[in-house]
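As a plain string of letters, each chain reads:
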Amino acid sequence: SKSTIGLIPADGIGREVIPAARDVLEAVAPNKFNFVHLDAGFEHFQKTGVALPDETVERLKGECAGALFGAVSSPSHKVAGYSSPIVALRKKMDLYANVRPVASPVGATGTPIDMLIIRENTECLYIKSERLETLPDGTKIAWADRKITETASKRIGRMAFRMALQRGAIREARRARGETVAWEGKPRVTVVHKSNVLSVSDGLFRESVLSVRNGEDKAFKDDVDLEEQLVDSMVYRMFREPHKFDVAVAPNLYGDIISDGAAALVGSLGVVASANVGDSFVLGEPVHGSAPDIAGRGIANPVAAIRSAALLLEHMGLDAEATRIHSAVDKVLSEQAAILTPDLGGKGTTRGVTDAVIKAL
Ligand code: NAI
Ligand code: MG
């Protein structure tokens, strides 16, 4: 049913921040959601030998409109039979886009940052087609294949243009309400690639995204500006003038790197949210890991998970509820420094921040 949301806390602080996000969802729309608790993770693997039970995937596909994932612990040594359930979930649910908003903390000085990074989630070097060869002289050589398809590149390009238009519309609405909006002019999509060197693979990515702009939806061309950026200078510009980006779209590897880098521009890992998006399903996911150093102490910052819940609602078409959650979080972050968790310099707890957000709603 439309309003069923899967909850997969998985490991470590995932078990603390996902219940916090659930409480906020319940508060923003009482009785609208039906929550289903599902297993996955390294701890589950240690107990049962399975990291991602079939039942979890089946119930997500059969019952849920979307889901929230906490975090998994991945051992740094290879453990036989274990592979990351979040990577498997993205694949099994065809969540082909990883969407990460990067925005200045509330009350920050200087030109506000408000960018959205869209990373292709299914191919590129992450198809993990690697092999090791030993040369006749005994030295080793490692190879990795990189896969870029026209279909996946076009579909990620389409999502970038769609989201750029959507962000433009939201900015217009805010301006109409008399709010200050820093971004001037049309929405903009920045295509990130390195086709000056990798003219075949990055070349196909670039061409495919560009072709979407000239294709089916006239608004993609008329109402969205397009910019290209080589990935190395993208990093340079992002650190020098992050406020000059709106939506950036990149192949998997570049997107992974620039999106973690961009998160550092806006502060603690405990506040950065993401969503894994497919055509018919969305999985919200805080960017941080399972944080074993603080797990079990009730001091994990729930903001990243709460904002991931808001992203989930946005992609489910519940924009008003999503906006209310973001505003409530902004209010708590800007007005209640004392109750914030230690990663943000406060003395507060997961519960305290969650209750404050619910009150601010
Ligand atoms: P991490 O994100 O778990 O922690 C890095 C640092 O940030 C730690 O000091 C932690 O206490 C702090 N931190 C993270 N989230 C926080 C929050 N919500 N509130 C307050 N402080 C927070 O990354 P780390 O330590 O590299 O990895 C720990 C485990 O998590 C590993 O097993 C790793 O494989 C896994 N991991 C999983 C991810 C996922 O599920 N998508 C992503 C990154 C790491
Ligand atoms: Mg990463």
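In the nomenclature of an unreviewed UniProt entry, the protein is known as Homoisocitrate dehydrogenase of Rhizophlyctis rosea. Note on the protein: under the UniProt heading Sequence similarities (unreviewed entry), the record states "Belongs to the isocitrate and isopropylmalate dehydrogenases family."

**Q** Even after reading the chapter, I still don't get the UniProt feature "domain: Isopropylmalate dehydrogenase-like" (unreviewed entry) in the protein, so can you show me in this structure?
**A** Mapped onto this numbering, the UniProt entry gives "domain: Isopropylmalate dehydrogenase-like" (unreviewed entry) at residues 4-357. Strand forms 19% of residues 4-357 and helix 42%; the C-alpha atoms that close the span are 22 Å apart.

**Q** Just checking my understanding: could you explain the domain arrangement of the protein for this structure?
**A** Think of interface size as the accessible area that goes away when the parts come together; that is how it is often given. Per the domain assignment, the segments of the protein are domain 1 (1-99 + 268-361) and domain 2 (114-265). For domain 1 versus domain 2, the separation of C-alpha centres amounts to 25 Å. Across the contact, ten residues belong to domain 1 and twelve residues belong to domain 2. Looking at the side of domain 1 that touches domain 2 element by element, the count peaks at three residues for strand β4 (residues 97-103). In terms of residue class, the side of domain 1 that touches domain 2 is made up of seven nonpolar, two polar and one charged.

**Q** For this particular structure, what's the right way to read the nonpolar core?
**A** Generally speaking, soluble globular proteins have nonpolar side chains that are buried together. In terms of nonpolar packing, the biggest core is built from 99 residues, with Ala 21, Leu 68, Ile 118, Ala 160, Val 249, Ile 306 and Ala 309 touching the most fellow members. Looking at which element gives the most residues to this core, the answer is helix α10 (residues 303-315), with nine residues. Two domains each provide a minimum of three residues to this core, namely domain 1 (1-99 + 268-361) and domain 2 (114-265). Excluding residues that lie within four positions of it along the chain, Ala 21 makes contacts with Leu 68, Pro 302, Ala 305, Ile 306, Ser 308 and Ala 309.

**Q** Just checking my understanding: could you explain the site of ligand 1 for this structure?
**A** Taken together, 21 residues sit near ligand 1, with Ser 74, Gly 270, His 288, Gly 289 and Asn 301 positioned nearest. When grouped by side-chain class, the residues that make up the shell around ligand 1 number eleven nonpolar, eight polar and two charged.

**Q** Please clarify how the environment of Val 287 should be interpreted in this entry.
**A** If you trace the backbone, Val 287 turns up in the loop between β12 (282-286) and α10. Considered as a pair, Val 287 and Phe 69 are 218 residues apart in the sequence and their alpha carbons are 10 Å apart. Beyond its immediate chain neighbours, meaning those up to four positions away, Val 287 contacts Arg 100, Ala 263, Leu 269, Val 272, Ala 273, Ser 274 and Ala 304.

**Q** What am I meant to see in the sheet that holds strand β11 (residues 273-277) here?
**A** Picture the strands of a sheet paired through backbone hydrogen bonds; they go either parallel or antiparallel. With respect to topology, ten strands assemble into an open sheet ordered β2-β1-β3-β12-β11-β4-β5-β10-β8-β9, the strand pairing being mixed. The open sheet has two edge strands with one neighbour each: β2 (34-37) and β9 (225-230). Looking at each pair of strands side by side, their axes are set apart by 20 degrees on average, direction ignored. Pairing of β4 with strand β5 (residues 114-120) involves seven bridges; the strand directions are antiparallel.

**Q** Can you walk me through helix α5 (residues 150-176) in this structure?
**A** Think of an α-helix as 3.6 residues a turn; residues three or four steps apart then line up on the same face. For α5, with 27 residues, the first-to-last C-alpha span of 39 Å sits near the 39 Å given by 1.5 Å per residue. Ala 152, Ser 153, Ile 156, Gly 157, Arg 158, Met 159, Ala 160, Phe 161, Met 163, Ala 164, Arg 167 and Gly 168 are the residues of α5 that are buried. Along its buried surface, α5 packs onto β4, β5, β8 (188-193), α6 (201-213), α7 (218-222) and β10 (247-250). In the stretch just after α5, Gly 178 is the one whose phi turns positive, near 85 degrees.

**Q** I'm lost on the pairing of strand β3 (residues 66-71) in this one. Help?
**A** The two faces of a sheet get side chains in turn, since along a regular strand they alternate between them. Burial of β3 is extensive: six of the six residues sit out of reach of the surface. By the bridge criterion, five bridges tie strand β1 (residues 4-10) to β3 in an arrangement that is parallel. Bridging across to β3, Ile 8 finds its partner in Phe 69. As paired elements, β3 and β12 share three bridges and run parallel to each other. The residue bridging Gly 66 from the neighbouring strand is Val 282, located in β12.

Definitions and cut-offs
- Residues numbered from 1 in each chain as written.
- Chains lettered and ligands numbered in written order.
- Predicted model: local features only at pLDDT ≥ 70, side-chain atom pairs only at ≥ 80, totals over all residues.
- UniProt positions renumbered as here; feature names shortened; annotations may be inferred.
- Helix = DSSP H or I, 4+ residues; strand = E, 2+ residues; numbered from the N terminus.
- Domains from an automatic or database assignment.
- Contact = placed C-beta atoms within 7 Å.
- Nonpolar A, V, L, I, M, F, W, Y, C, P; charged D, E, K, R; others polar.
- Core = buried A, V, L, I, M, F, W, Y, C linked by C-beta atoms within 7 Å.
- Buried ≥ 20, exposed ≤ 12 C-beta atoms within 10 Å, placed from the backbone.
- Near = placed C-beta within 6 Å.
- Pairing = 2+ DSSP bridges.
- Axes fitted to C-alpha atoms, helices over the stretch in contact; angles between N-to-C directions.
- Expected span 1.5 Å × (residues − 1).

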